[in-house]
Amino acid sequence: MRVKISHIVYYTCALVLLCGILSCSKHINTSGKTKVAKSVDSLYLKQRIAEIKSLNTDIFTKASFKGTADTAIVYRLLKPNNTKTKLPLVIVFHGSNAVGNDNTSQLGILAKLFASDEIQAKYPAFVLAPQFPSRSSNYVLDRSRNVLTSVPQSCLTTALQLIDSLKNNLNIDEKRIYLIGFSMGASSVINALALKPDVFAAGISISGIPQFDQVNVLANIPIWLIHGNIDTENPFDSDKQFFEEVNAKNKTRFWEFDNLAHNDIFAPAILTDELPKWLFKNKRK
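Caption draft 1: The overall build of the protein, seen in detail. Per the secondary structure count, the protein includes nine helices and eleven strands. Counting only residues that meet the buried cut, the protein has 55% of its 285 residues in that class. Contacts in the protein between residues far apart in sequence, at least 24 positions, make up 76% of those at least 6 positions apart. Total accessible area computed for the protein in this model is approximately 12500 Å², and 50% of it derives from carbon and sulfur atoms.

Printed below as a string of structure tokens:
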């Protein structure tokens, strides 16, 4: 039996906090920019994160995939209880601190949130969490903009081949394949969308570095950027500039969290069902 990751009172508190944020910010929509105030409920946040992290990782099966590259990648896969009908696939890309091949470190907050009983009950989906043996994205300076831009690495190509393989072997709704990631993984979300724009329905990038040489392509894909405005590890200015360039197509949502640094970004507002609710609204034509 899958272990529940939060008590009803915690989840109710999260919804109350989110509603409070929504009421304070009149312009939180499915697209456009919103500045979100920093939560002051640090005790709840610690409890909520602890509950999510306590999810039993045994619900994810272990496997590996080589593709056409010399180096295989390991991954974890959550299969929903009922797969008789086609279901979405959610791919979670991890940050650089989980690089390796232990096939466990990549199961962080995001993977466990989407695998939890409460989210699977409302948004059933396959959840794929690959682990990269090396960095999946690197950063260089975009001299014309004077901000960092991300460059995909070879192991990301292997992950994309893995997704193609799973599409052929699982009952996946190919019009509802979604990407989400944090830090390096968030940068890889943008890189993957640029590499395979016809595969994914939408993506969420949390504290990442975007890619600027495919702005015209990325502007047509539903993307949700989430970033703290005092992030110095993956500087906020890159996402700010990216949003300014893609916003004309009205496909991009941007949450700027006020006074949050890189590793503080998992605020109460994004630890409810807000992430899957937005993702699952999008369907590839």
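Past the structure itself, the notes keep going.
Caption draft 2: Focus on helix 6 (residues 184–195). Between its first and last C-alpha atoms helix 6 spans 16 Å; for twelve residues at 1.5 Å apiece the expected length is 16 Å, and the two agree. Counted residue by residue, helix 6 has eleven buried out of twelve residues, so it is predominantly covered.

Caption draft 3: The sheet that holds strand 4 (residues 87–93), seen in detail. The strand order across the open sheet built from nine strands is 1-11-10-9-8-4-5-3-2, with neighbouring strands paired in mixed fashion. Of all the strands in the sheet, the pair left with one neighbour each is strand 1 (32–36) and strand 2 (61–65). Sheet twist, expressed as the average angle between the axes of neighbouring strands with direction ignored, equals 20°. Judged from the five bridges that link them, strand 3 (residues 73–78) and strand 5 (residues 126–131) form a sheet pairing that is antiparallel. Each residue of the ladder has a partner; that of Leu 77, found in strand 5, is Leu 128. Most of the contacts of helix 5 (residues 154–169) go to strand 3, to which it runs at about 40°, and overall it touches strand 2, strand 3, strand 4, strand 5 and strand 8 (172–182).

Caption draft 4: Geometry of the packing of aromatic side chains. Using the criterion set out here, one finds ten aromatic pairs in the structure. A ring pair is formed by Phe 236 and Phe 254, whose centres lie 5.8 Å apart and whose planes are at 25°; its orientation type is stacked. In this pair, Phe 236 sits in helix 8 (residues 236–246) while Phe 254 sits in strand 11 (residues 252–257), placing the two residues 18 residues apart along the sequence. Members of the aromatic cluster, each reached through a chain of ring pairs, are Trp 224, Trp 255, Phe 257 and Trp 278. Sitting over the ring of Tyr 139, Arg 135 keeps its end group 5.1 Å from the ring centre. Over the aromatic face of Trp 224 sits the side chain of Arg 253, whose NZ or CZ is 4.2 Å from the ring centroid.

Caption draft 5: Just the environment of Phe 243, in detail. Within the fold, Phe 243 resides in helix 8. Spatially, the C-alpha atom of Phe 243 lies 9.7 Å from that of Ile 223, the residues being 20 residues apart in sequence. Apart from residues no more than four positions distant in its own chain, Phe 243 is found in contact with Gly 32, Lys 33, Leu 225, Thr 252 and Phe 254.

Caption draft 6: A look at unusual backbone geometry. With a phi angle near 60°, Ser 207 is a residue other than glycine that sits in the positive phi range. Along the chain, the position of Ser 207 falls in the loop between strand 9 (202–206) and helix 7 (215–218). Notably, Asn 259 is not glycine yet its phi reads approximately 60°, a positive angle. Within the secondary structure layout, Asn 259 lies in the loop between strand 11 and helix 9 (274–279).

Definitions and limits used
- Residues numbered from 1 in each chain as written.
- Predicted model: local features only at pLDDT ≥ 70, side-chain atom pairs only at ≥ 80, totals over all residues.
- Heavy atoms only, no water.
- Helix = DSSP H or I, 4+ residues; strand = E, 2+ residues; numbered from the N terminus.
- Buried < 20%, exposed > 50% of the residue type's maximum accessible area, 1.4 Å probe, protein only.
- Contact = heavy atoms within 4.5 Å.
- Areas by Shrake-Rupley, 256 points an atom, 1.4 Å probe, with all protein chains shown as cover.
- Expected span 1.5 Å × (residues − 1).
- Pairing = 2+ DSSP bridges.
- Axes fitted to C-alpha atoms, helices over the stretch in contact; angles between N-to-C directions.
- Phe/Tyr/Trp six-rings, centres within 6.5 Å; stacked < 30°, edge-to-face > 60°.
- Lys NZ or Arg CZ within 6 Å of the ring centre and 35° of its normal.

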